[in-house]
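Tertiary structure, described
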Amino acid sequence: MTNDDDRTDLHVILLYNIDRTWPQLEIDEAIDDVLCLQTAMQELGHTVVPVEIDGHDLLTPLSQYDPSQYTILNWCEGLPGIPRSYDVVAQTLESLGFAYTGSPPGALALSEDKRKVKRLLESHGVPTPDWRIFDSPQVDGWDRFPAIVKPALEHCSVGISGDSVVTSSSELSRRITYVLESFQEPALVEDFVDGREFHGILLGDLEVEMLPPAEIDYSTFPDIHDRLCTYDTKSNPDSAQFQNFHMLLPAPLDEGEYQVLERTVLGAYSAVGCRDYARIDLRLRDGVFYVLDVNANCYMSAYCSVVLSAELAGLSYGAFGSRLVNLARRRKLRELAKAHVLEGS
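The following refers to the structure shown. Source: prediction; values computed, not measured. (Residues numbered from 1 in each chain as written. Predicted model: local features only at pLDDT ≥ 70, side-chain atom pairs only at ≥ 80, totals over all residues. Heavy atoms only, no water.)

What follows deals with the pattern of salt bridges. Within this structure, the stated rule accounts for 19 salt bridges. Across the salt bridge formed by aspartate 191 and arginine 144, the nearest N and O atoms sit 3.3 Å from each other. With aspartate 191 in strand β8 (residues 187-191) and arginine 144 in the loop between β5 (131-134) and β6 (147-151), this pair connects stretches of sequence that are 47 residues apart. A relative accessible area of 6% places aspartate 191 in the buried class. In this structure arginine 144 comes out as partly exposed when scored by relative accessible area, which is 35%. The salt bridge involving aspartate 281 is made with arginine 279; its shortest N-O contact spans 2.8 Å. Among the residues examined, aspartate 281 registers a relative accessible area of 10% and is labelled buried. On the basis of relative accessibility, which here comes to 12%, the residue arginine 279 falls in the buried class. (Salt bridge = Lys/Arg side-chain N within 4 Å of Asp/Glu carboxyl O. Helix = DSSP H or I, 4+ residues; strand = E, 2+ residues; numbered from the N terminus. Buried < 20%, exposed > 50% of the residue type's maximum accessible area, 1.4 Å probe, protein only.)

The structure is reproduced here in structure tokens:
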């Protein structure tokens, strides 16, 4: 999966965020992840400068770099201390004139609000589980069980545990109360699709392709409350979910399933306005792939499904990062050429 137009001599700023309130282990792991990608891209020939953001100020750390000379690989999940600020980072990079990887501000802002994503998917005919927003624990009218309760504005499985799956109205009311009180935001209640779960990984800008999809294997979990990706699954090495997490890559799909999955994830990618790369989380039931989440700013560590899928498609870790910065640089050149034509007309 090579691209002869990709340049390996581009100067790259690897932009990432560190929140000093994180446990030291998480900080160390984040810095190690950045070093790993930096090294992999440098081995291809790129000059890579890591720039850490640990506060609200994005302008000062970038002020010494010329936007005409550097392309930013945007691994910044937001500004520490400012919740849901993915889009703020992208807006700032645009205002400074940098070419940067990943989705534009509008798509990033949209992806942070599960309510807006659900409405948009439905309007584009992309399957997503039945849902409803609750601002109070009164659950009159909801009768689909099992159901799952999520904070409407959180990501990375924050607020998701085995208790998120409920099987009765009383459990539903208690879990909604927990979300309302713990996160001070609405609760999203969905029909819980207790089926096979997949990651659909997409790469591209003008032309988008699905990389080999991954399946999350829950076969070792007989309890329905454990058959989901919780916060512990991702962050607690001592948890049973973390220790028994198993990913199948590529996902075992027949040709018909593969085509339906591909059509569904491409539809979700387009509906949200994603760019360069994204991970779409889905579950399969009765031949329908239901979109659970659109991750427009998904993590890119060497061991995550996005990178492992790219490697299976023939892109090494360094080549994956290189592809992203090349997409961003070519897009910036198109924008500059278009602006030049408009100025001359």
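Its 21 residues place the ends of helix α1 (residues 24-44) 31 Å apart at the C-alpha level, agreeing with the 30 Å of an ideal helix rising 1.5 Å per residue. All of the buried residues along α1 are Ile27, Ala30, Asp33, Val34, Leu37, Gln38, Ala40 and Met41. Looking straight down α1, one finds that the buried residues subtend no more than 165 degrees of arc, so they occupy a single side. Exposed residues lying more than 90 degrees from the buried face of α1 are Leu25 and Glu43. Looking one or two residues beyond α1, the residue adopting positive phi is glycine 45, at roughly 125 degrees. (Expected span 1.5 Å × (residues − 1). Arc of directions from axis to C-beta.)

A surface patch of like charges, here negative, comprises Glu26, Asp28, Glu29 and Asp32. Tracing the backbone through its elements, the reader meets glutamate 29 in helix α1. (Patch = residues over 30% accessible without salt bridge, like charges linked within 9 Å, V, L, I, M, F, W, Y side chains within 5 Å. Areas by Shrake-Rupley, 256 points an atom, 1.4 Å probe, with all protein chains shown as cover. Lys, Arg positive; Asp, Glu negative; His and termini not counted. Charge placed at Lys NZ, Arg CZ, Asp CG, Glu CD.)

Time to look at the side chain of aspartate 19. Relative to the helices and strands, aspartate 19 resides in the loop between β1 (11-17) and α1. Here aspartate 19 is buried and forms no salt bridge, its nearest opposite-charge partner arginine 20 lying at an N-O distance of 7.6 Å. One polar contact links aspartate 19 to threonine 21, side chain to side chain, over a distance of 2.7 Å. (Polar contact = N/O pair within 3.5 Å; in protein donor to acceptor, adjacent residues only side chain to side chain.)

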